[in-house]
Amino acid sequence: VQLVESGGGLVQAGGSLRLSCAASGRTNAMGWFRQAPGKGREFVSFISRSGRNTDYADSVKGRFTISRDNALNTVYLQMNSLKPEDTAVYYCAGSDTLVVPTTSIGGYEYWGQGAQVTVSS
């Protein structure tokens, strides 16, 4: 399975962006992670295939929303009220074996190439 992210860019603080992740095949659990300059990759959000199981990092809870369209094999991350500290490369992650999503990087077999999100103050 190949994952391709789109929708990154430059936005002012308080603005919004929507990231998309298109998968080349069927996936179960999907997640978003991010990596800021000089920092490790961190969990942002995950979603189960049904969409009923979602979770968010405390730092984005209430501002970001994850969703998916299984007919299109696509996962979305709607990011509102963006802050400069949200600046990072955002990575889509997927698994065709993991039914219950995880916050662990090691739980996902497939990764996208990353999408740069830059929030200016």
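Note that the coordinates shown come from a computational prediction; the quantities given were computed from them, not determined experimentally.

The rules we used
- Residues numbered from 1 in each chain as written.
- Predicted model: local features only at pLDDT ≥ 70, side-chain atom pairs only at ≥ 80, totals over all residues.
- Heavy atoms only, no water.
- Buried < 20%, exposed > 50% of the residue type's maximum accessible area, 1.4 Å probe, protein only.
- Helix = DSSP H or I, 4+ residues; strand = E, 2+ residues; numbered from the N terminus.
- Pairing = 2+ DSSP bridges.
- Phe/Tyr/Trp six-rings, centres within 6.5 Å; stacked < 30°, edge-to-face > 60°.
- Lys NZ or Arg CZ within 6 Å of the ring centre and 35° of its normal.

Draft legend 1. Seen up close, the pairing of strand E1 (residues 3-6). Covered by surrounding structure in E1 are Leu-3 and Glu-5 only, the residues Val-4 and Ser-6 on the alternate face being uncovered. The pairing of E1 with strand E3 (residues 17-23) spans four bridges and is classified as antiparallel. Within E3, the residue paired with Val-4 across the bridge is Ala-22.

Draft legend 2. Inspection of the packing of aromatic side chains at higher detail. Throughout the structure, instances matching the rule amount to five aromatic pairs. Taking the centre distance of 5.9 Å and the plane angle of 70° together, the rings of Phe-33 and Phe-43 count as edge-to-face. Taken together, the positions of Phe-33 in strand E4 (residues 30-35) and Phe-43 in strand E5 (residues 41-47) put the pair 10 residues apart, joining distant regions of the chain. With respect to burial, Phe-33 and Phe-43 carry one shared label: buried. For the ring pair Tyr-108 and Trp-111, a centre distance of 6.5 Å and an interplane angle of 80° mean the geometry is edge-to-face. Here the aromatic residues Phe-33, Phe-43, Phe-46, Tyr-108 and Trp-111 are joined through ring pairs into a cluster of three or more. Here the guanidinium or amino end of Arg-41 rests over the ring plane of Tyr-91, the centre of that ring lying 3.7 Å away.

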